[in-house]
Structures are given as structure tokens and as C-alpha cells.
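So the chains spell out like this:
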Amino acid sequence: MAAPHHAEWREVAACRGVASSVFFSPDGERGQARARREANARQICEECPVLAQCRDHALTADETYGIWGGMTEADRRRHARRTRSGGRR
């Protein structure tokens, strides 16, 4: 399948139709509950045909919350720090 252009990637994303609660944590979620939810979200992302587009969107738009392109909020913060300090993408 050819890579969708621009915002069309969302139309074929593996998460389309999945409850947003899988990708965004409820207030106060911690520990094992958060780890399980994030693992479930990442598993969906692993098989996604537009993972790279989703990840690029999250990094470009500086998405603050949720799992995007298989990256957690903490993953994106680490990526931003590495990028600012001259590390790899």
C-alpha cells in the first residue's frame, strides 16, 4: 500500500475506531494500570501501516498527551531532549 498523503494517514491508521481511552490516560492513572494501557496502545501501533506518519505528526505538532506513533509522552520528551542536544532522531 502506498503511503497516504498529508492528513489522509489518519483514515487508514490501525487505531481508527479504537476508543481514545486506550491511547490517553485518565486522570490519576499510575503504575501497572498505566503500563498495561500503554502496552496495549503500543501493540496496536506496532502493526499500523502509518506508524511513521503518526509519529512524525506527534513530534512536529509537539503533541503533549497520549500515545502517538508508538511513543508515549515520556518517549517524546526524551526524543526532544536528544534532538535539542544534537542526538539522533
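Residues numbered from 1 in each chain as written. Predicted model: local features only at pLDDT ≥ 70, side-chain atom pairs only at ≥ 80, totals over all residues. Heavy atoms only, no water.

- The name that an unreviewed UniProt entry assigns to the chain is Transcriptional regulator WhiB, with the source organism given as Rhodococcus wratislaviensis.
- The UniProt entry for the chain carries the following text under Sequence similarities (unreviewed entry): "Belongs to the WhiB family."
- Regarding the chain, the UniProt comment filed under Function (unreviewed entry) reads as follows: "Acts as a transcriptional regulator. Probably redox-responsive. The apo- but not holo-form probably binds DNA." (UniProt positions renumbered as here; feature names shortened; annotations may be inferred.)

**Describing helix H1 (residues 31-46)**
In an α-helix there are 3.6 residues to a turn, and that puts residues three or four apart on one side.
Piece 1. The terminal C-alpha atoms of H1 lie 22 Å apart, and with 16 residues this matches the ideal 22 Å at 1.5 Å per residue to within 8%.
Piece 2. What H1 keeps buried is the set Arg 37, Glu 38, Ala 41 and Cys 45. For H1, the angular spread of buried residues about the axis comes to 95°, placing them on one side. The outward face of H1, more than 90 degrees from its buried face, is lined by the exposed residues Gln 32, Arg 36, Gln 43 and Glu 46.
Piece 3. The inward-facing, buried residues of H1 contact helix H2 (51-61). (Helix = DSSP H or I, 4+ residues; strand = E, 2+ residues; numbered from the N terminus. Expected span 1.5 Å × (residues − 1). Buried < 20%, exposed > 50% of the residue type's maximum accessible area, 1.4 Å probe, protein only. Arc of directions from axis to C-beta. Contact = heavy atoms within 4.5 Å.)

**Side note on the packing of aromatic side chains**
Piece 1. On inspection of all chains with the given rule, the structure shows 1 aromatic pair.
Piece 2. Taking 6.4 Å as the distance between ring centres and 80° as the angle between the ring planes, the aromatic pair formed by Phe 24 and Trp 68 counts as edge-to-face. Taken together, the positions of Phe 24 in the segment before H1 and Trp 68 in the loop between H2 and helix H3 (73-84) put the pair 44 residues apart, joining distant regions of the chain.
Piece 3. Residue classification places Trp 68 among the buried positions, given a relative accessible area of 13%. (Phe/Tyr/Trp six-rings, centres within 6.5 Å; stacked < 30°, edge-to-face > 60°.)

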